[in-house]
Amino acid sequence: MSIYLQQLVNMVQLGSIYALLAIGFTIVYGIARLVNFAHGPIFMVSTYLLFFFGTFFYGFVSVSWVVYFLSVLAASVLTAGLAATIEKVAYKPLREGPLVALVVSSVGVGMILEYGVLVAIGPVPKRMPPLIKDVPLMVGEVKFSLASIIIIAVAAVSMVVLSLFIKRSRIGLALRAVSQDPIAASFMGISRNLMISVAFILGAVMATIGASLYTTLYFTFSPYIGDRINWYSFIAAVLGGIGSIQGAVLGGFILAALYVFGAMALPVSTYKDILVFAVLIIILLVKPTGLLGKKSAEKV
Amino acid sequence: MKKSTLLNLAVAVAGLAFCVLTEETGLISNTLKLVLEFIAINSILVLGINIINGYLGVFSMAHAGIMAIGGYAASLASMYFLPSPELFPVSLLIGGFASMLIGLLIAFPSFSVRGDYLAIITLGFSLLIQSLLENIDFVGASRGLRPIPHYTNLIWCYLCFVLAIVVVKRLVKSKYGRSLLAIRRDQVAAELVSVDVRHAKLVAFGLSAFLIGVSGGLLCHLLSYTNPGAYGYSLIVDGLIMVYLGGIGSITGSVAGAAIWQVLVQTLRPVGMWRWILGGIILIVLMIFKPDGIFGNAEFSWRWLAGKVVASGRFFARKGARSGGGK
């Protein structure tokens, strides 16, 4: 029994990280209609920023939560700036063109980021300084670690804050308006360009928080990490219904459940990738817009 | 016979003569020959991708998985059943038809699923094939297949390349080609003027997969080795770059995209990682200034070339006259 509880905890912490990543992906899609292939590479850049800031701040303070807070803050600001700049340079000139051009451009951005880091820093995996101190906790027979509870808590808080921001604030209202109908929103005096920048910034901040939690879980990272993260966020967002934030969260948890429990149930653990892709394809065949995706009417 | 057809035929025969001469006498260095072979193989791949991503206008990422199937099927065929170079075309056909079956399977989701969701299904399919190959011991799992007999040479590459061009040209000129263009513009409107959308999509996916499969077979027999890692993210991105670089919906564009990208990748080898950064920059700049690619929806023709030659001749003549008058 205890092994299942243990795996449940694993699933929840992995699921909350995937959910954060998928949210970043889905917000950008909802506002800018862009399948952002650069999301994973942006995540990768933010792990490197976290690494540098973490090492840097540990030179001054030794309290780990202060270092964690400061480095996430600093890395978020830089990553958000990077994402907003990328949007202005590589996506904004393409807004009137065909949608595929945007996707191809984001593939190009992803290549530049990934190989830029490879050239600048090199392919050797780095090890993150412990931003969140880990203490094993025993509850009955189940071994929890403090880190996994913090991961889940941080992810939950960021998701709640984000959803409050989108539901209650004026900018959130504007975001929802643009995502529903960009043209009508522009008649109401909402600047689409500004909202797209906001979407990219929110996505980058979510990616940075996700990166801080991901490296707490796995420690090491390399420039190639972006590719896999791209697929994870891509798949989670699409499973739930791309463009919907609740859907992204749901998709993240389904993905984590497939990985964690799939690895337990299958004879060979490498089959779990096959399981995930098979489930993805089947869900999309049955419900072509994802689980919580709205069916958009065909306009003629 | 029309004058342009004759010219095309002459160029094709001259190309074949060049390839035979190269194979027999070693006219050009092996490196250069390898680059030519890569260009031919990738042109076939890009022509295949272009049928779906260009003419039909569906953003598909299935080519990695399809190429894997074609490559593995052809390689297994010549490793176990057809151990002689004369039967190499049969292996290639086996690879092509195996891919075609898979391609037809992917066509079915495209009836109901649209746009970005279809892109994800095709992506999932490619990664699914890769994981499957990594887990099947019979095909060497992640260690890969070796030794695959080295049957591919410049002549085979060239013959397949010419055939692929002819096939795609016939397709585009046919009823199905026009159906594909109509579906790309507006599927609902196409249905209203009684275009059989399902039939056209099945033809497009089947033919596209066949070409991609043949290119996979050629590549495996060229390198004598293949492994599942070769059919992942980098192949997906490479294929997309070549299609959108050269130009969607264009045969000339497919060949140009493959040639430009292969030459760039080979000549920029000394600068290492920088070439991928350069590749990214090229993609972005191209999308900003020419979102349909270099030859987007346009074709090379002798008439076009003649027009250019005449125009540039006039330009230089005028320039000469002007500088002469100034004296």
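Definitions and limits used
Residues numbered from 1 in each chain as written. Chains lettered and ligands numbered in written order. Predicted model: local features only at pLDDT ≥ 70, side-chain atom pairs only at ≥ 80, totals over all residues. Helix = DSSP H or I, 4+ residues; strand = E, 2+ residues; numbered from the N terminus. Rg over C-alpha atoms; globule rule 2.2 N^0.38 Å. Buried ≥ 20, exposed ≤ 12 C-beta atoms within 10 Å, placed from the backbone. Contact = placed C-beta atoms within 7 Å. Core = buried A, V, L, I, M, F, W, Y, C linked by C-beta atoms within 7 Å. Domains from an automatic or database assignment. Expected span 1.5 Å × (residues − 1). Arc of directions from axis to C-beta. Pairing = 2+ DSSP bridges. Axes fitted to C-alpha atoms, helices over the stretch in contact; angles between N-to-C directions. Parallel < 35°, antiparallel > 145°, perpendicular 65-115°, else oblique. Left-handed = near helix turned anticlockwise from the far one by under 90°. Nonpolar A, V, L, I, M, F, W, Y, C, P; charged D, E, K, R; others polar.

Novice: Kindly report on the overall build of chain A, identifying the contributing residues and their values.
Specialist: The helix and strand inventory of chain A stands at 11 helices and 4 strands. The globule rule puts the C-alpha radius of gyration for 300 residues at 19 Å, and the 19 Å found for chain A is close to it. Across its three principal axes, chain A shows a C-alpha extent of roughly 60 × 50 × 40 Å. Buried positions account for 51% of the 300 residues belonging to chain A. In chain A, 75% of the contacts between residues at least 6 apart in sequence involve partners at least 24 apart.

Novice: Would you mind going over the overall build of chain B in detail, with residue names and values included?
Specialist: What chain B contains, in helices and strands, is 14 helices and 0 strands. Starting at the N terminus and walking to the C terminus, you meet the elements of chain B as α-α-α-α-α-α-α-α-α-α-α-α-α-α. In terms of overall dimensions, chain B has C-alpha extents of about 80 × 60 × 45 Å along its principal axes. Buried positions account for 48% of the 327 residues belonging to chain B. Once local pairs closer than 6 in sequence are excluded, the contacts in chain B between residues at least 24 apart make up 81%.

Novice: Go over the nonpolar core with me, naming the residues and quoting the values.
Specialist: If you look at the biggest cluster of nonpolar residues, it comprises 207 residues, and the most contacted ones within it are Tyr-18, Ala-19, Leu-21, Ala-199, Ala-236 and Leu-255 of chain A together with Ile-44 of chain B. If we skip the residues at most four places from it in the chain, Ile-44 of chain B touches Cys-160, Phe-161, Ala-164, Leu-211, Val-214 and Ser-215 of chain B.

Novice: Tell me about the domain arrangement of chain B, and please be specific about residues and values.
Specialist: Domain parsing of chain B yields domain 1 (3-296) and domain 2 (303-327). The straight-line distance from the C-alpha centre of domain 1 of chain B to that of domain 2 of chain B is 40 Å.

Novice: Go over helix H13 (residues 274-289) of chain B, please, and point to the residues and values.
Specialist: Over its 16 residues, H13 of chain B runs 22 Å from end to end, which matches the ideal 22 Å to within 8%, given 1.5 Å per residue. Buried within H13 of chain B we find Trp-276, Gly-279, Gly-280, Leu-283, Ile-284, Leu-286 and Met-287 of chain B. Axial view of H13 of chain B: buried residues confined to an arc of 165 degrees, hence all on one face. The elements touched by buried residues of H13 of chain B are helix H3 (64-91) and helix H4 (99-121) of chain A together with helix H11 (233-246) of chain B.

Novice: Can you tell me about the pairing of strand E2 (residues 136-139) of chain A, naming the residues and giving the values?
Specialist: In terms of strand pairing, E2 of chain A meets strand E3 (residues 142-145) of chain A through 4 bridges, oriented antiparallel. Bridged to Leu-137 of chain A within E3 of chain A is Phe-144 of chain A.

Novice: An account of helix H9 (residues 225-240) of chain A is requested, with residue identities and associated values reported.
Specialist: Residue and element names in this part refer to chain A. Spanning 16 residues, H9 covers 23 Å between terminal C-alpha atoms, matching the ideal 22 Å at 1.5 Å per step. Burial analysis of H9 places 13 of its 16 residues in the buried class, which makes it a mostly covered element. In the segment just after H9, Gly-241 is the residue with positive phi, at about 115 degrees.

Novice: Outline the packing of helix H2 (residues 30-56) of chain B against helix H10 (residues 197-223) of chain B, listing residues and values.
Specialist: Residue and element names in this part refer to chain B. Where H2 meets H10, the axes come as close as 9 Å, and the angle between the chain directions of the two elements is 165 degrees. Taken as axis vectors, H2 and H10 run roughly antiparallel relative to one another. Seen from above, H2 lies across H10 with left-handed handedness. Taken together, the residues of H10 that come into contact with H2 (itself represented by Glu-37, Ile-41, Ile-44, Leu-45, Leu-47, Gly-48, Ile-49, Ile-51, Ile-52 and Leu-56) are Lys-201, Ala-204, Phe-205, Leu-207, Ser-208, Leu-211, Ile-212, Val-214, Ser-215, Leu-218, Leu-219 and Leu-222. For the contact of H2 with H10, the residue count by class is 17 nonpolar, 3 polar and 2 charged.

Novice: I'd love a proper account of the environment of Val-109 of chain A, names of residues and values included.
Specialist: With respect to the element layout, Val-109 of chain A can be found in helix H4. The exposure class of Val-109 of chain A is buried, given the 26 C-beta atoms found within 10 Å. In sequence terms Val-109 of chain A and Gly-40 of chain A are 69 residues apart; their C-alpha atoms lie 11 Å from each other. With residues near it in sequence (within four places) discarded, Val-109 of chain A still touches Ala-38, Ile-86 and Ala-90 of chain A together with Gly-280 and Ile-284 of chain B.

Novice: Which residues make up the environment of Asn-53 of chain B, and what values do they have?
Specialist: Residue and element names in this part refer to chain B. When you line up the elements, Asn-53 lands in helix H2. Linking Asn-53 and Leu-240, residues 187 residues apart in sequence, is a C-alpha distance of 8.8 Å. Residues within four places of Asn-53 in sequence aside, it is in contact with Val-58, Phe-59, Ser-60, Val-243 and Ile-248.

Novice: Break down the interface of chain A and chain B for me, citing the residues and quoting the values.
Specialist: Taken together, the contact between chain A and chain B spans 40 residues of the former and 34 residues of the latter. Among the secondary structure elements, those contributing two or more residues to the side of chain A that touches chain B are H4, H9 and helix H11 (271-286) of chain A. Here the element with the most residues in the side of chain A that touches chain B is H4 of chain A; it accounts for 14 residues. Each residue belonging to the side of chain A that touches chain B can be placed in one class, and the counts come to 31 nonpolar, 6 polar and 3 charged.

Novice: Explain unusual backbone geometry to me, using residue names and the numbers behind them.
Specialist: A positive phi angle is found at Phe-219 of chain A, which is not glycine, with a value near 65 degrees. Among the structural elements, Phe-219 of chain A can be located in the loop between helix H8 (192-218) and strand E4 (220-221). With 13 C-beta atoms counted inside 10 Å, the residue Phe-219 of chain A sits in the partly exposed group. For Ser-224 of chain B, which is not glycine, the phi dihedral falls at a positive 60 degrees. Note on placement: Ser-224 of chain B falls in the loop between H10 and H11. Residue classification places Ser-224 of chain B among the partly exposed positions, given that 15 C-beta atoms sit within 10 Å.

Novice: Go over the environment of Arg-127 of chain A with me, naming the residues and quoting the values.
Specialist: Residues and elements named next belong to chain A. Position of Arg-127 among the secondary structure elements: in strand E1 (residues 126-127). Residue Arg-127 is classed as exposed on the basis of its C-beta count, with 10 C-beta atoms lying within 10 Å. Taking the C-alpha atoms as reference points, Arg-127 and Phe-219, separated by 92 residues in sequence, lie 5.5 Å from one another. With residues near it in sequence (within four places) discarded, Arg-127 still touches Phe-219 and Thr-220.

Novice: Could you give me a rundown of the packing of helix H1 (residues 2-32) of chain A against H9 of chain A, with the residues and numbers involved?
Specialist: Residue and element names in this part refer to chain A. One can describe the packing of H1 onto H9 by two numbers: an axis separation of 8 Å at closest approach and a directional angle of 75 degrees. Judged by the inter-axis angle, H1 sits roughly perpendicular to H9. Along the contact surface, H1 presents Tyr-18, Ala-19, Leu-21, Ala-22, Gly-24, Phe-25 and Thr-26, while H9 presents Ile-229, Tyr-232, Ser-233, Phe-234, Ala-236 and Ala-237. For the contact of H1 with H9, the residue count by class is 10 nonpolar, 3 polar and no charged.

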